[in-house]
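# Observations on chain architecture
If you want the building blocks of each chain, they are given just below.
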Amino acid sequence: MSKTLDNKPTASVAESKVYSKITRRLIPFLIVCYFFAYLDRVNVGFAKLHMQDALNFSDTVYGLGAGIFFIGYFLFEMPSNLLMQRFGPRFWIARIMVTWAVLSAGMMFVTTPTQFYVVRFLLGVAEAGFFPGIVFYLTLWFPSWRSARTLGLFILVTPLSTIIGSPLSGLILKLFEGVGSLHNWQWLFLVEAIPSFLLAFVVLRYLDNDVKSAKWLSDAEKQVVINDLAKDAANRERANKGKVDSSLKGMLKNGYVWLLAVVFFSFNIGYYGINFWLPSIIKSSGVSDDFHIGLLAALPYVFGACFMVWNSRHSDLKQERRWHIAIPAMIGCVGLALSAYCSGSTFWMMAWICVAMSGTLALIPTYISLPGALLSGTAAAAGIAFVNSIGNLAGFFGPTVLGWLKDTTGRTDTGLYILAAFLLLCAPLILTLPARLANPKKVITAPEQTTERPDAVQPFNATIDR
C-alpha cells in the first residue's frame, strides 16, 4: 500500500477501499437477483424440449411466444425506470421481482398458443425496468471511470445464469418427469419462480436507495463517492461545452442515444436468437439426454464469462470503449457464422458457438456503460431504459425469425447466418461514436483544477451531462 509522508493512505488507495466495500455489498446480491430474473426469462428454451410436443406447438408458435416477451418489455421499460425514480429503487425492484415470479409460475397453466403469447407478453411487462433499473442504480454509486468493470461483474450473471441454469433446468426436467399430475416442463416454471418471489422481500430490507441513505458507509466514505460523482458530472459538462439538457426531451433529441439504441438492437438480434434456440440446436445435432443438453448449452457461457470479465477490466484500464465493443462483435459474427457452417458436427458446432459467445458476451458491460456515461438525472433513468428497450425489441425478431425459417426450410443454419450479419453490423455503427465522447476520463484533482477536455465534440443536436 502506498502512503503519504504523514503515513496516511493515498487518495487512490482510500478510494479503492471505498469502492471495494460498495462492490462487496451490492454486486453479489444484485447478481443473485438478476440470476433468477434471467432464468425465468429464458427457461422457456428448455421447457420447449417437452412443452412443444405436449401442446402441439409449431416452431413458429414457439419463436413468436419466446419473442413476444420483448414487446411487453419494450413498451413498459422506460415508464418503469421513471417510476423507479419516483418510488425509489428498493421498493420498485422488489415490486418487479414479485410480479415476474407470479407470472413465470403462471406459465405452467398454458395450454393454447394464445395463452402462451399472453403470459409471455405479461412477463415482459412485469420484468420491464429491472435490468436498466439496476444499471441506473449503479450509476448512483460508481463514477464513469469505474463503470465498465462494475457492470462487468454484475453482467457476469448473464453467462452464470446459463452456466448454472442450463444444467439445473435440464436436471429439473429429468428429475420431475412423471412426478405428481404435472408435466416436467410445468415443474420447471414453478420451481424456478419461487426464489424470485422470496428474494423480493429480502430486497426491501437489504438495498439502500442511494449513497446518502447507506448506514453501512461512514460519512467520510460517503463523501468520497459524492465527490467523485460530482467531478464526473462536472467533467462531462465541460466536455459538452456547458450545453446541458438532462430532461426527457433532451434525451430524445440526442442523436447518440439513438445510435446506441440501434447498436444494441443489432447486437440483440444475434444474441437472443441463439440464446433461445441453443438447446434445440444441440438436440437437433444428435444429443437427446436433457441433462447432457443442459451441460453443453452451458459451455459457451463459460468462455463468454471469462472474456467478459477480461474485456471490461481491460476497457477501464485503457480508458477505451469503442474498440472493446467493435472487436468482440466481429469475433461473435465469425463464430456464429462458422457454427452454422459446421451444424452437421456437434463438436465443431459447439466449438464455434463458444467463440461466438466469447465475443458477444465480452462486449456487453463495456457497451452498457455508455448510456449512463452520456446522461444524468431524469435523462439517465429514461435514456438507459430507452436504449435497453429498443435493443431488447430485437429479442422479439431474433427468435421469431429463426422459428419461421426453421418451419419454412427445416434448417437453422440460414437463420444463424442472418443473426451473424446483425452482429457484424454493430462494429461499424459503434465506431461512428466519437472516441472523445465514448471514452471516460478520470478526474483526480478538484473540479476547478481539472484539465478541460478541449477535443470533446458535441452530439448531433443536443448534449446531455450525466
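Quick caveat: nothing in here was measured; it's all calculated off a predicted structure.

Rules used throughout
- All residue numbers here refer to positions counted from 1 along the written sequence of the relevant chain.
- pLDDT decides what is reported in this predicted model: residues at 70 or higher carry local features, side-chain atom pairs at 80 or more are listed and counted, and totals for whole chains, interfaces and linings draw on all residues regardless.
- Neither water nor hydrogens contribute to the side-chain values; these are computed over all heavy atoms in the structure.
- In this description a helix means any DSSP run of H or I spanning at least four residues, a strand means any run of E spanning at least two, and both kinds are numbered starting from the N terminus.
- Each residue's exposure class comes from its accessible area (1.4 Å probe, protein chains only) as a fraction of the maximum for that residue type: buried when under 20%, exposed when over 50%, partly exposed otherwise.
- The contact criterion used is simple: two residues touch if any of their non-hydrogen atoms lie within 4.5 Å.
- Reported accessibility uses the Shrake-Rupley method at a 1.4 Å probe radius. Residues are deemed covered only where the shown protein chains occlude them.
- The span one expects for a helix is its residue count, reduced by one, times 1.5 Å.
- Asp and Glu are treated as the negative residues and Lys and Arg as the positive ones, with His and the ends of the chain left uncounted.
- Throughout this description, the term salt bridge denotes a Lys or Arg side-chain nitrogen within 4 Å of a carboxyl oxygen of Asp or Glu.
- Any cysteine sulfur atom paired with another within 2.5 Å is treated as part of a disulfide.
- To qualify as a nonpolar core, a set must consist of buried Ala, Val, Leu, Ile, Met, Phe, Trp, Tyr and Cys residues joined through side-chain atoms within 4.5 Å.
- A pair of aromatic rings is counted whenever rings of Phe, Tyr or Trp (Trp by its six-membered ring) have centres within 6.5 Å, and the orientation is called stacked for planes under 30 degrees apart, edge-to-face for over 60 and tilted otherwise.

All right, on to the overall build of the protein then. A count of helical and extended segments in the protein gives 18 helices and zero strands. Going through the 466 residues of the protein one by one, you find that 59% of them count as buried. In the protein, the share of contacts with a sequence separation of at least 24, taken over all contacts with a separation of at least 6, comes to 84%. For the protein, the exposed surface amounts to about 18000 Å²; the carbon and sulfur share of it is 66%.

Turning our attention to the environment of Asn-56. Inspection of the secondary structure puts Asn-56 in the loop between helix H2 (44–55) and helix H3 (59–87). Sequence separation of Asn-56 and Pro-113 is 57 residues, and the distance between their C-alpha atoms is 9.3 Å.

Another point: helix H17 (residues 413–430). With 18 residues, H17 ought to run about 26 Å at 1.5 Å a step, and its terminal C-alpha atoms sit 27 Å apart, in line with that. Along H17, the positions that sit buried rather than exposed are Asp-413, Gly-415, Leu-416, Leu-419, Ala-420, Leu-423, Cys-426, Ala-427, Leu-429 and Ile-430.

This paragraph deals with the side chain of Asp-228. Mapping Asp-228 onto the fold places it in helix H10 (residues 219–239). We note that Asp-228 is buried and unpaired, the nearest opposite charge coming from Lys-231 at a distance of 4.2 Å. Once residues within four sequence positions are removed from consideration, Asp-228 is found in contact with Glu-15, Tyr-19, Pro-143 and Trp-145.

What follows is about the state of the cysteines. Counted according to the given criterion, the structure contains zero disulfides. Here Cys-333 is not cross-linked by a disulfide; its sulfur's nearest cysteine counterpart is in Cys-426, at 9.6 Å.

Counting 129 residues, the largest nonpolar core has Ile-22, Met-51, Phe-130, Trp-141, Phe-154 and Tyr-367 as its most contacted members. For Phe-130, the contacting residues outside a window of four places in its chain are Cys-33, Tyr-34, Ala-37, Ile-93, Ile-96, Met-97 and Trp-100.

Here the focus is the packing of aromatic side chains. Each aromatic ring pair is specified by the distance between its two centres and by the angle formed by the two planes. Applying the stated criterion across every chain yields a total of 20 aromatic pairs. Judged by centre distance (5.5 Å) and plane angle (35 degrees), the ring pair of Tyr-34 and Phe-131 falls under tilted. Of this pair, Tyr-34 sits in helix H1 (residues 11–42) while Phe-131 sits in helix H6 (residues 130–139), placing them 97 residues apart in sequence. Phe-131 carries the same exposure label as Tyr-34, and that label is buried. A centroid spacing of 5.1 Å and a plane angle of 85 degrees characterise the contact between Phe-347 and Trp-348, whose relative ring orientation is edge-to-face. The exposure class of Phe-347 is exposed, given its relative accessible area of 58%.

Before going further, it helps to examine the pattern of salt bridges. Pairs can form between side chains of opposite charge whenever their charged atoms are close. The tally for this structure, following the rule as stated, stands at one salt bridge. The salt bridge partner of Lys-21 is Glu-221, with a shortest N-O separation of 3.1 Å. Linking Lys-21 in helix H1 with Glu-221 in helix H10, this pair joins segments that are 200 residues apart in sequence. What makes Lys-21 partly exposed here is its relative accessible area of 27%. Take Glu-221: its relative accessible area is 19%, and that puts it in the buried class.

Along the polypeptide, Phe-307 turns up in helix H13 (residues 290–318). Contact partners of Phe-307, with chain neighbours within four places excluded, come to Ser-358 and Ala-362.

Taken by themselves, the reported measurements are silent on function.
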